[in-house]
Amino acid sequence: MCDLDLIKTGSHADIMEKIQQRPLSFDAQKELVHRKDFEEISTYIQLRKFWDEAEDALIELGNHYLIMLYISLHSLHESAEKLLLSRGNDEEILEYISRYPLSTGAEKAFIRRGKREEIIAYVSMYPLCEASKCLLIDRGDTEEILTCLKAFQFCPSSILKLIARGNIEELSAAGISN
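A brief look at the structure comes next.

### Looking at the pattern of salt bridges
A complete count under the given rule lists 17 salt bridges for this structure. Note that Asp3 and Lys18 form a salt bridge whose closest N and O atoms lie 3.7 Å from each other. Of this pair, Asp3 sits in helix 1 (residues 3-9) while Lys18 is found in helix 2 (residues 12-21), placing the two residues 15 residues apart along the sequence. For the pair formed by Asp3 and Lys18, the shared burial category is buried. Between Arg87 and Glu92 there is a salt bridge whose closest N-O contact spans 2.9 Å. By relative accessible area, Arg87 is classed as partly exposed at 32%.

Rendered as structure tokens:
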């Protein structure tokens, strides 16, 4: 019996045995999540990382415990990161960013979310891509900008945005003097 058929029609015991033996196929992983069996999913998470679409399905399932378990063990791919951000669960997001940097696309979505405390925590740990730095500057929060400047250097296009803002404190932190 193929993995997908087993997940669709097999008994809980047979599925648990298969999960512990080897990784499931791409489609079988998605079906496993769609079954919504807590024990089966949590066991799989503890043993293996999901493929991209199964990660998406896990985040869409919305089970806080399973999401927290997964991100305690595995990083997410970009679309799953964006789904995590769109869920808006601050605890899950803070846990994730405490462990992993975001992909470029998710990083921009993260900055657009506008959660000041999360942004400050993130920019103190990870360098932002240039587009995210520009978004950060456009937000106009001096504390976020200063925190980022203390941890990482800005590129020329970001420096130009800082100059255009004209905030003396930010320019000084960037090493720009009159």
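### Digging into helix 6 (residues 64-73)
Those residues of helix 6 that fall on the buried side of the exposure criterion are Leu66, Ile67, Met68, Leu69, Tyr70 and Ile71. Between a side-chain oxygen at the N-terminus of helix 6 and the backbone nitrogen of Tyr65 the separation is 3.0 Å; the capping residue is Asn63.

### A closer look at the packing of aromatic side chains
Summed over the entire model, instances satisfying the criterion amount to 6 aromatic pairs. Relative to Tyr70, the ring of Phe50 lies with its centre 5.7 Å away and its plane at 15°, an arrangement referred to as stacked. Taken as a pair, Phe50 in the loop between helix 4 (38-47) and helix 5 (52-61) and Tyr70 in helix 6 lie far apart in primary sequence, 20 residues in all. Note on accessibility: Phe50 and Tyr70 belong to one class, buried. Considering the side-chain rings of Tyr122 and Tyr126, the 4.9 Å spacing of their centres and the 45° angle between planes classify their relative orientation as tilted. With respect to class, Tyr122 is no different from Tyr126; both count as buried. Here the aromatic residues Tyr44, Phe50 and Tyr70 are joined through ring pairs into a cluster of three or more.

### Observations regarding the side chain of Thr147
Positionally, Thr147 belongs in helix 12 (residues 142-151). Assessed through its relative accessible area of 15%, Thr147 is described here as buried. Only 2.8 Å separates the side chain of Thr147 from the backbone oxygen of Glu143, close enough to count as a polar contact. Once residues within four sequence positions are removed from consideration, Thr147 is found in contact with Ile120, Val123 and Ser124.

The rules behind the values
Residues numbered from 1 in each chain as written. Predicted model: local features only at pLDDT ≥ 70, side-chain atom pairs only at ≥ 80, totals over all residues. Heavy atoms only, no water. Salt bridge = Lys/Arg side-chain N within 4 Å of Asp/Glu carboxyl O. Helix = DSSP H or I, 4+ residues; strand = E, 2+ residues; numbered from the N terminus. Buried < 20%, exposed > 50% of the residue type's maximum accessible area, 1.4 Å probe, protein only. Polar contact = N/O pair within 3.5 Å; in protein donor to acceptor, adjacent residues only side chain to side chain. Phe/Tyr/Trp six-rings, centres within 6.5 Å; stacked < 30°, edge-to-face > 60°. Contact = heavy atoms within 4.5 Å.

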